[in-house]
Amino acid sequence: MAVAKIKLDIGTVYQKEEGGIYYFRYQINGARKAISLKTRNQKEALKEANKQIPLLKATSTEIIAAHVQHARGLITPEKNLPLSEAWAVYEKSPERATPATVAEAQSYRATFQEFLDWLNDPQKNVRDITPEIGEQYAEYMRNQKIAVSTHNRKIKRIRRVFHVLREYWSGSNPFHSATQLRREREEREQDVRRLSFTRKQEQLLQAVLDDDKYTVMNKSEVRVVYYPGMFTGQRMKGCVLLRWNKISFNLKRIWVKQFKTGKEVTIPIAPKLLEVLQGALAWKAGETDYVCPNIAARYNKTDARGKNVGNNLVNIDMLRVIRWIGLEPSVAVPGRDKKVTVYGFHSLRHLFASYCAEAGVPQATVLSILGADSEIVSKFYTHVGKVSSAFWKFRNGHPHIQMLQDLPNPPAPHLSR
């Protein structure tokens, strides 16, 4: 689809994409023609196109023939790039995507390979892939029983690859059409969302973590990982990779890095959490600064390609604890092969937010503690921006949030060290 169009006395000057080469489209002898003007500069493009208009107005067959020959000389021959070689070219381009993780980088390649496998003709050239083929592949993926978000990520990855390889095709990006993406509302009717633990379920989690008859690898460390989740609402990664140098027993403060935003927040240590962390000092060793060294090492495990595989292993251990209290972490959803997680370590974040909301902790404070998960906060804060004075009168609240009273009055949006 043209980005910019400029109508002339005869014909049109246009770009196929913003910032791209200008083309001149016109009709001659009833046939539609288009030539490259070999420039991205609009002024130069118009000057070159206007040179062609006198020739187009000519009636002499000889002059028209001469013009056609001239026009052919302006057209840049399309470059051929077999799809089998496309990834190698894409990988060398400075415009390629630069994901933050090895796993996401590998997902780009795997997604493009899935498309090639579906096409089953790697010797086709990149320029042979049309928007119609893109639509066909999107329709194929709609029937693969994958999540809407997964579908859209795959389409956008392939779209990025073709954008980088745009000099090897003409027309529009075969994966540019919005109709190839699915809408989130397709899954909303199922209403399957992450659930918060109840107070009773939290008590049961603490009980099974203290009960020796329930076993899991590195259970003593698993127990410690759960408590920061309960009492600070942090993600599993932040709790697993917590370091001793981020804990001050004297100040009763814990500094936690929000891995999604890169920000570090300060959280008061509640009495029960303080007790658990002090107990973990028993295995503190000089060679590692991790509070839970064995689980941290397991979490950081990578495969031969550099992709992290340990995070899934640790998550499986955490889900085992949830099953101990009679909850099934995942449920089947119609139209999807993969189950949807409803209870997980992330459910502790929801529970923490609910405690804060009930106690009247200002929304800005909770946002600073939980990081970017505004959806979790808004779930429990029906009046955005409303600061409850009840919080400041609160004296005998739940131990999860009673330490928050020690923060400045009122708390700053982003707590600092």
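All values reported here derive from a predicted model rather than from experimental measurement.

### Regarding the overall build of the chain
No. 1: In terms of helices and strands, the chain carries 17 helices and nine strands.
No. 2: A buried classification covers 43% of the 417 residues belonging to the chain.
No. 3: Long-range pairs, those at least 24 residues apart, make up 60% of the contacts in the chain with a sequence separation of at least 6.
No. 4: Accessible surface for the chain amounts to roughly 22500 Å². Of this, 49% is attributable to carbon and sulfur atoms.

### Remarks on the sheet that holds strand β4 (residues 31-36)
Sheet strands pair by backbone hydrogen bonding; their relative direction is either parallel or antiparallel.
No. 1: Overall, antiparallel pairing links the four strands, which are arranged β1-β2-β3-β4 in an open sheet. Because the sheet does not close on itself, it has two edges, and the strands there are β1 (5-7) and β4. For this sheet, the mean inter-axis angle between neighbouring strands, taken without regard to orientation, is 20°.
No. 2: Relative to strand β2 (residues 12-15), β1 runs antiparallel, the two sharing three bridges. Bridge pairing in β2 links Ile-6 to Val-13.
No. 3: Where helix α1 (residues 42-57) meets the sheet, it contacts β1, β2, β3 (22-28) and β4, and its direction lies at approximately 15° from that of β3.

### Observations regarding the side chain of Thr-39
No. 1: Within the element layout of this structure, Thr-39 appears in the loop between β4 and α1.
No. 2: Reaching out from Thr-39, the side chain makes a polar contact with the backbone nitrogen of Asn-41 at a distance of 3.0 Å.
No. 3: The contact partners of Thr-39, leaving out residues within four places of it in the chain, are Gly-20, Ile-21, Tyr-22, Glu-44 and Ala-45.

### Considerations on the packing of aromatic side chains
No. 1: What the rule picks out here adds up to 20 aromatic pairs.
No. 2: For the pair Phe-115 and Tyr-137, a centre-to-centre distance of 5.2 Å together with 75° between the ring planes defines the contact as edge-to-face. Pair noted here: Phe-115 is in helix α4 (residues 102-119) and Tyr-137 is in helix α5 (residues 131-142), with a separation of 22 residues, a long-range link.
No. 3: For Tyr-137, a relative accessible area of 2% puts it in the buried group.
No. 4: Ring centres of Phe-162 and Phe-175 lie 5.6 Å apart, and the angle between their planes is 40°; on these two criteria the pair is classed as tilted. Here the residue Phe-162 occupies a position in helix α6 (residues 148-164), and Phe-175 occupies one in the loop between α6 and α7 (185-188), the gap between them amounting to 13 residues. There is no split in this pair, since Phe-162 and Phe-175 are both buried.
No. 5: Grouping aromatic residues by their ring pairs yields a cluster made of Trp-87, Tyr-90, Phe-112, Phe-115, Trp-118, Tyr-137, Tyr-140, Phe-162 and Phe-175.
No. 6: Looking at Arg-157, its charged tip hangs above the ring of Tyr-108, at a distance of 5.9 Å from the centre.

### A word on the pairing of strand β6 (residues 253-257)
Consecutive residues of a regular strand have side chains that alternate between opposite faces of the sheet.
No. 1: Burial runs high along β6: four of the five residues are buried.
No. 2: One ladder, built from two bridges, connects strand β5 (residues 247-248) with β6; its direction is antiparallel. Opposite Ile-247, over in β6, you have Ile-254 as the bridge partner.
No. 3: Once β5 ends, the chain turns through four residues before running back antiparallel as β6, passing Lys-252 with a positive phi of about 55°.
No. 4: Taken together, the five bridges between β6 and strand β7 (residues 264-268) define a ladder with antiparallel strand orientation. Within β7, the residue paired with Arg-253 across the bridge is Pro-268.

### Focus on the sheet that holds β7
No. 1: One open sheet accounts for three strands, arranged β5-β6-β7; its pairing is antiparallel. Two strands in the sheet have a free side with no partner beyond their single neighbour: β5 and β7.

### Focus on the pattern of salt bridges
No. 1: Summed over the entire model, instances satisfying the criterion amount to 12 salt bridges.
No. 2: The residue Arg-166 makes a salt bridge to Glu-17 at a minimum N-O spacing of 2.8 Å. Pair noted here: Arg-166 is in the loop between α6 and α7 and Glu-17 is in the loop between β2 and β3, with a separation of 149 residues, a long-range link.
No. 3: Arg-166 sits in the partly exposed class, given a relative accessible area of 25%.

Quick notes on the rules
Residues numbered from 1 in each chain as written. Predicted model: local features only at pLDDT ≥ 70, side-chain atom pairs only at ≥ 80, totals over all residues. Heavy atoms only, no water. Helix = DSSP H or I, 4+ residues; strand = E, 2+ residues; numbered from the N terminus. Buried < 20%, exposed > 50% of the residue type's maximum accessible area, 1.4 Å probe, protein only. Contact = heavy atoms within 4.5 Å. Areas by Shrake-Rupley, 256 points an atom, 1.4 Å probe, with all protein chains shown as cover. Pairing = 2+ DSSP bridges. Axes fitted to C-alpha atoms, helices over the stretch in contact; angles between N-to-C directions. Polar contact = N/O pair within 3.5 Å; in protein donor to acceptor, adjacent residues only side chain to side chain. Phe/Tyr/Trp six-rings, centres within 6.5 Å; stacked < 30°, edge-to-face > 60°. Lys NZ or Arg CZ within 6 Å of the ring centre and 35° of its normal. Salt bridge = Lys/Arg side-chain N within 4 Å of Asp/Glu carboxyl O.

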